[in-house]
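Here is what each chain is made of, one letter per residue.
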Amino acid sequence: MKLELRGITKRFGSLVANDHIDLVVEPGEIHALLGENGAGKSTLMNVLYGLYDPDEGQVLIDDAPVTFAGPGDAMAAGIGMVHQHFMLVPVFTVAENVVLGHEPVRGARMIDLPRARRLVREISDRFGFDVDPDALIENLPVGAQQRVEIIKALSRDANVLILDEPTAVLTPQETDELIGIMRQLKAAGTSIVFITHKLREVRAVADVITVIRRGKVVGSAPPSAPETELASLMVGRSVDLGVTKKPAEPGEPALRVAGLSVIDHAGVLQLDDVTFEVARGEILAVAGVQGNGQTELAGAILGLQKPVAGSVLLDGTELVGAGVRDTLRAGVGYIPEDRSDDGIIASFSVAENLILDVHDRPPFARGISLDPATVEASATQRVDEYDVRLTSVQDPISTLSGGNQQKVVLAREMSRPLRLLIASQPTRGLDVGSIEFVHRRIIAERDVGTPVLLISTELDEVLAVADRILVLYRGRIVGIVPQKTDRDVLGLMLAGVPLEEAQVQAAEHHTALGAADIIATQEERS
Amino acid sequence: MSDNAPAPAAAPVPAVPPSAEPPEPSRGETLLREMLSSSWVVTTLAIVLALVISGVLIAAADSTVQSTATYLFARPSDFFSAAWHAVTSAYVALFQGSILDTGAPTFVRAIKPLTETMTVSVPIILAGLGLGIGFRAGMFNIGAQGQIILGAVFGGYIGFAFDLPVGLHVLLAAIGAAIGGGLWAGIAGFLKARTGANEVIVTIMLNNIAVYLIGYLLTTSAFQRPGSNNPISPPIKATALYPHLLGSQFRLHAGFLVAIAATVFVWWLMDRSTIGFRFRAVGANSKAARTAGISVNTNYIWVMVIAGALAGLAGSAQVLGTEKVLSIDVAASFGFDAITVALLGRSKPLGTFLAGLLFGALRAGGFAMQARTGTPIDIVLVVQSLIVLFIAAPPLVRSVFRLSSGSSRRSTRSVKEAAA
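This is a predicted model, so every value here is computed, not measured.

## Comments concerning the overall build of chain A
No. 1: When helices and strands are tallied, chain A shows 19 helices and 24 strands.
No. 2: Against the globule reference of 24 Å for 526 residues, chain A gives a C-alpha radius of gyration of 25 Å, in line with a compact fold.
No. 3: By residue count, 56% of the 526 residues in chain A fall in the buried class.
No. 4: Put simply, 66% of the contacts in chain A that link residues at least 6 apart link residues at least 24 apart.
No. 5: When the accessible surface of chain A is summed, it comes to about 21,100 Å², and 51% of that surface belongs to carbon and sulfur atoms.
No. 6: With 50 positive and 74 negative side-chain charges, chain A shows a separation of 2 Å between the mean positions of the two kinds.

## Details of the packing of aromatic side chains
No. 1: Counted under the stated rule, the structure contains twelve aromatic pairs over all chains.
No. 2: Here the aromatic rings of A:Phe12 and A:Tyr52 are separated by 5.4 Å at their centres, their planes lie at 75°, and the arrangement is edge-to-face. Of the two residues, A:Phe12 is situated in strand β1 (residues 3-12) and A:Tyr52 in the loop between α1 (41-48) and β4 (56-61); the sequence distance between them amounts to 40 residues.
No. 3: Using a relative accessible area of 15% as the deciding quantity, one classes A:Phe12 as buried.
No. 4: We classify A:Tyr52 as partly exposed; its relative accessible area is 24%.
No. 5: When the ring of B:Tyr157 is compared with that of B:Phe160, the centres are 5.5 Å apart and the planes differ by 75°; the resulting orientation is edge-to-face. Taken together, the positions of B:Tyr157 and B:Phe160, both in helix α6 (residues 144-161) and three residues apart, correspond to about one turn of that helix.
No. 6: Take B:Tyr157: its relative accessible area is 31%, and that puts it in the partly exposed class.

## A short note on the pattern of salt bridges
No. 1: Summed over all chains, the structure comprises 42 salt bridges over all chains.
No. 2: In this structure, B:Lys287 engages A:Asp341 in a salt bridge whose closest nitrogen and oxygen atoms are separated by 3.2 Å. Taken together, the residues B:Lys287 in helix α11 (residues 286-291) and A:Asp341 in helix α11 (residues 339-343) connect one chain to another.
No. 3: Owing to a relative accessible area of 32%, B:Lys287 belongs among the partly exposed residues under this scheme.
No. 4: By relative accessible area, A:Asp341 is classed as buried at 15%.
No. 5: Shared partners join several salt bridges into a network, and the residues in it are A:Lys245, A:Arg446, A:Asp447 and A:Asp467.

## Brief notes about helix α13 (residues 334-344) of chain B
Residue and element names in this part refer to chain B.
No. 1: Buried residues dominate α13, accounting for ten of its eleven residues.
No. 2: Listed as buried for α13 are Phe334, Gly335, Asp337, Ala338, Ile339, Thr340, Val341, Ala342, Leu343 and Leu344.
No. 3: Looking one or two residues past α13, Arg346 carries a phi angle of roughly 55°, positive in sign.

## A look at the packing of helix α14 (residues 349-373) of chain B against helix α15 (residues 378-392) of chain B
All names here are of chain B.
No. 1: Here α14 crosses α15 at 155°, and the two axes come no closer than 9 Å. Between α14 and α15, the crossing angle belongs to the class labelled roughly antiparallel. By crossing handedness, the relation of α14 to α15 is classed as right-handed. On α15, the residues that touch Leu358, Phe359, Leu362, Arg363, Gly366 and Met369 of α14 are Ile379, Val380, Val383, Gln384 and Ile387.
No. 2: Among the residues forming the contact of α14 with α15, the class breakdown is eight nonpolar, two polar and one charged.

## Details of a nonpolar patch on the surface
Residue and element names in this part refer to chain B.
No. 1: A surface patch of nonpolar side chains, amounting to about 610 Å² of accessible area, comprises Val48, Val52, Ile53, Leu57, Leu389, Leu396, Val400 and Phe401.
No. 2: Of all the secondary-structure elements, those providing two or more residues to the nonpolar patch are α2 (40-61) and α16 (394-400).
No. 3: The topology assignment puts Val52 in helix α2.

## What to know about helix α12 (residues 296-322) of chain B
Residue and element names in this part refer to chain B.
No. 1: Helix length check: α12, at 27 residues, gives a terminal C-alpha distance of 38 Å against a target of 39 Å (1.5 Å per residue), a fit within 8%.
No. 2: Taken across its 27 residues, α12 has 21 buried, putting it largely inside the fold.
No. 3: Looking one or two residues beyond α12, the residue adopting positive phi is Lys324, at roughly 65°.

## Quick look at the domain arrangement of chain A
Residues and elements named next belong to chain A.
No. 1: According to the domain assignment, chain A consists of domain 1 (3-235), domain 2 (243-331 + 417-485) and domain 3 (346-412).
No. 2: Using only C-alpha atoms to locate each centre, domain 1 and domain 2 end up separated by 35 Å.
No. 3: Between domain 1 and domain 2, the contact holds eight residues from the first and nine residues from the second.
No. 4: Here domain 1 and domain 2 share an interface that buries about 610 Å² over both sides, 57% of which is from carbon and sulfur atoms.
No. 5: It is Glu36, Asn37 and Lys198 in domain 1 that bury the most area against domain 2; as a group they hold 47% of the surface buried on that side.
No. 6: Taken together, domain 1 and domain 2 are joined by two salt bridges.
No. 7: In this structure, Arg200 engages Asp460 in a salt bridge whose closest nitrogen and oxygen atoms are separated by 3.4 Å.

## Some thoughts on the sheet that holds strand β6 (residues 79-82) of chain A
All names here are of chain A.
No. 1: The six strands are arranged β6-β9-β10-β3-β11-β12 in an open sheet whose pairing can be described as mixed. Among the strands making up the open sheet, the edge pair consists of β6 and β12 (216-221). Taking the axes of each pair of neighbouring strands and ignoring which way they run, one obtains an average angle of 20° across the sheet.
No. 2: Pairing geometry for strand β3 (residues 30-34) and strand β11 (residues 208-213), over four bridges, is parallel. Bridge pairing in β11 places Leu34 opposite Val211.
No. 3: Against the sheet, helix α8 (residues 227-235) makes contact with β3, β11 and β12, and its axis sits at roughly 35° relative to β11, the strand it touches most.

## Some words on the domain arrangement of chain B
Residue and element names in this part refer to chain B.
No. 1: If you check the domain split of chain B, you get domain 1 (37-98 + 375-420) and domain 2 (122-356).
No. 2: Relative to domain 2, the C-alpha centre of domain 1 lies at a distance of 32 Å.
No. 3: Each partner contributes residues to the interface: domain 1 has eight residues there, and domain 2 has five residues.
No. 4: Interface area for domain 1 against domain 2, summed over the two sides, is near 640 Å², with a carbon-plus-sulfur share of 66%.
No. 5: Our count for the domain 1 to domain 2 interface comes out at zero salt bridges.

Conventions adopted
- Residues numbered from 1 in each chain as written.
- Chains lettered and ligands numbered in written order.
- Predicted model: local features only at pLDDT ≥ 70, side-chain atom pairs only at ≥ 80, totals over all residues.
- Heavy atoms only, no water.
- Helix = DSSP H or I, 4+ residues; strand = E, 2+ residues; numbered from the N terminus.
- Rg over C-alpha atoms; globule rule 2.2 N^0.38 Å.
- Buried < 20%, exposed > 50% of the residue type's maximum accessible area, 1.4 Å probe, protein only.
- Contact = heavy atoms within 4.5 Å.
- Areas by Shrake-Rupley, 256 points an atom, 1.4 Å probe, with all protein chains shown as cover.
- Lys, Arg positive; Asp, Glu negative; His and termini not counted.
- Charge placed at Lys NZ, Arg CZ, Asp CG, Glu CD.
- Phe/Tyr/Trp six-rings, centres within 6.5 Å; stacked < 30°, edge-to-face > 60°.
- Salt bridge = Lys/Arg side-chain N within 4 Å of Asp/Glu carboxyl O.
- Axes fitted to C-alpha atoms, helices over the stretch in contact; angles between N-to-C directions.
- Parallel < 35°, antiparallel > 145°, perpendicular 65-115°, else oblique.
- Left-handed = near helix turned anticlockwise from the far one by under 90°.
- Nonpolar A, V, L, I, M, F, W, Y, C, P; charged D, E, K, R; others polar.
- Patch = residues over 30% accessible without salt bridge, like charges linked within 9 Å, V, L, I, M, F, W, Y side chains within 5 Å.
- Expected span 1.5 Å × (residues − 1).
- Domains from an automatic or database assignment.
- Buried area = accessible area lost by both parts, 1.4 Å probe.
- Pairing = 2+ DSSP bridges.

Here it is in structure tokens:
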């Protein structure tokens, strides 16, 4: 099936999310749609899927114009979508989820579950998915849940499969399996639209790459195009992908975490006897798949969560039991992983957000009286220094883009003398330009001698910024390895495989991305 | 980004990833926020719309209108002129009873309604200011009624039981009232901070307890007027009374100045002090406040204590100013009117002050309306309720008046989401 989008335009008020976008997806093609957050990729796919009405333009299937009133129409026309956030009912089985919405019935309104099971098994076997139709969704790993979504789409005879940021939640090995599945589907004649902002994956799997920037198609490229070229197209200016930094000059250890364990409200051990040190002037990256104890580690150091055991010594001072306020005052800077939940107060002005943790201290307050003039003057200065783009520091911070909001958080946390910086997912959801900025700031902080704890689920980020890497799995440390560690080895460690075994396994089998890495290194050398 | 889907089975708790899904704000919270963010235009139009609909009800309840309706098709003009007369005379009476009695023979009689409006509005404004602080700090305090009662009990007791010099006596009585209200509300704050008990339920129950407490106290020898069988206290001593502002022919007393001062104080507290900064931070995003080192629980207690102190002052205005005696219904329904007023005033001090005056006017004018035109005073309650109803449903008001849809802030956000 050939899919064509012709002159699609979608406006929201004065904002043009899609501006005359043309796109052709040939049968059996993996077509990557590359663009930054907010470039208009998801809007375009929602138009295609019948969720939005385009203001102009049309969708053609096999050269015949079609209109979709809703996802039902799109599905009927052979378009399937796997959303970034899965649309699955956690307490239902795989088979139940797959047939949800078009359940086969037998007799009087009885769901024909055996038929649903057969359907799942059939598709699963055809592509070697290895999915148990009777498993509960909530018991499946994320990668398997994603396969259920794909089965769901295929069970409705999808000829075109839209994958919206499918690798965001996967480990490198799971990503590798997904890439295998995409190639299989392609061989079976299914077209795939692959939405992403990750250059590496695009180059590994796509046949054609279309780059979107600010709602417009700005070009297309073959997968052989160098990463820097793709990045420049995506961002609209030349970008330096590599993070430039001097080798670390670690001083004596400043943060000593020993035997730290955290049990959450549900009584589950989330952090299990964790011991490590961070030296002055080095970045220790905590790598791990989301939900393996990183949140609890940061929370325990900051005082948001009380550990059940262990100690956190910062320059010899015990932080456990100190409380958030005193920990911050002891010189800990904290960039929270969930910006909108923990980092900022959306309805507060930029100026107010900049003093959240120091609002009751001079020069911002005299006694209990705030000094609005000083608050504003200081905010104006910080905003300049951190290059935050805004109209007025009195505007609510919710009017800023994610990148600028994060710069405000950085400005707040890093503009006082620090003895420790904890950066948790500092670049999540940011555009390339802001990511560069954040990385530069973090490295600059390291260079003045601050110990930095960087918590990240992005292996790319970990490899680019870290001096040493700590891998967390199920709340335990799998290993602490140097920055030069092989991507495949790290990927296996993220899944809980100890270092030595990971090295053996990685040597036997390279993932698509890991192999691409090696080729790239060889190319560089030659 | 923040909601990184379910964690892998590899994680210790696959079904419930820690802090992966941001908790949806509860429906009550969303409604509260919606009400606070509605624009002045919507507020004004809601009042207009409420008056129009109430006008229809006034006409429908009028006996002349009812009789003309029986021959509506024979002589429609009778019906319409009767309806017009019923509505206009009722609203004219409402105006004359609450602001300026244009038909009064003397100047004093002419402006008396306005001073009555001001007098009645004092407890509503004071309690409304307290509730507004709570709403902005994320505390849905329904307990102003009980806090007013406790304020009146404390202030009243100091007022009739002690002999103190002029000036000092009223000051101590007022402070006592504030402490009484503050302590009563503090119970709810303390329970929420310590145990997480929902403040809505606790404050409602405290209202009930307060009503029965004052009923009991007024049967004890310490509170009951000697020689009386009625549940009523001895009269407040003259030294403890709020002085009259415009001479003794008006009931207007210095409590109105307290209300003005409290309005300015609350503005300063919420917009210019570190305490108010923390209150607002906790109310707008308690997780971010906690991450910034603000003790959310401590703030819950202080919010309630300050809100209760203001409600306590409302009680003092009743017992030391308007009623001059402590009785069972000293708080009337001011504690509940205050909720409406705080929402109508969008929890801002000036808004609450103006909304309090409006409700004072409706209450004062309602009596005149009933006396002069026979329109039931209950219609005032209908007007009040309709105003709140329309404030609570801004889209309804917007569609009635064909305003552009959606608040601008919300639409830009959805655009951003869509573009992402």
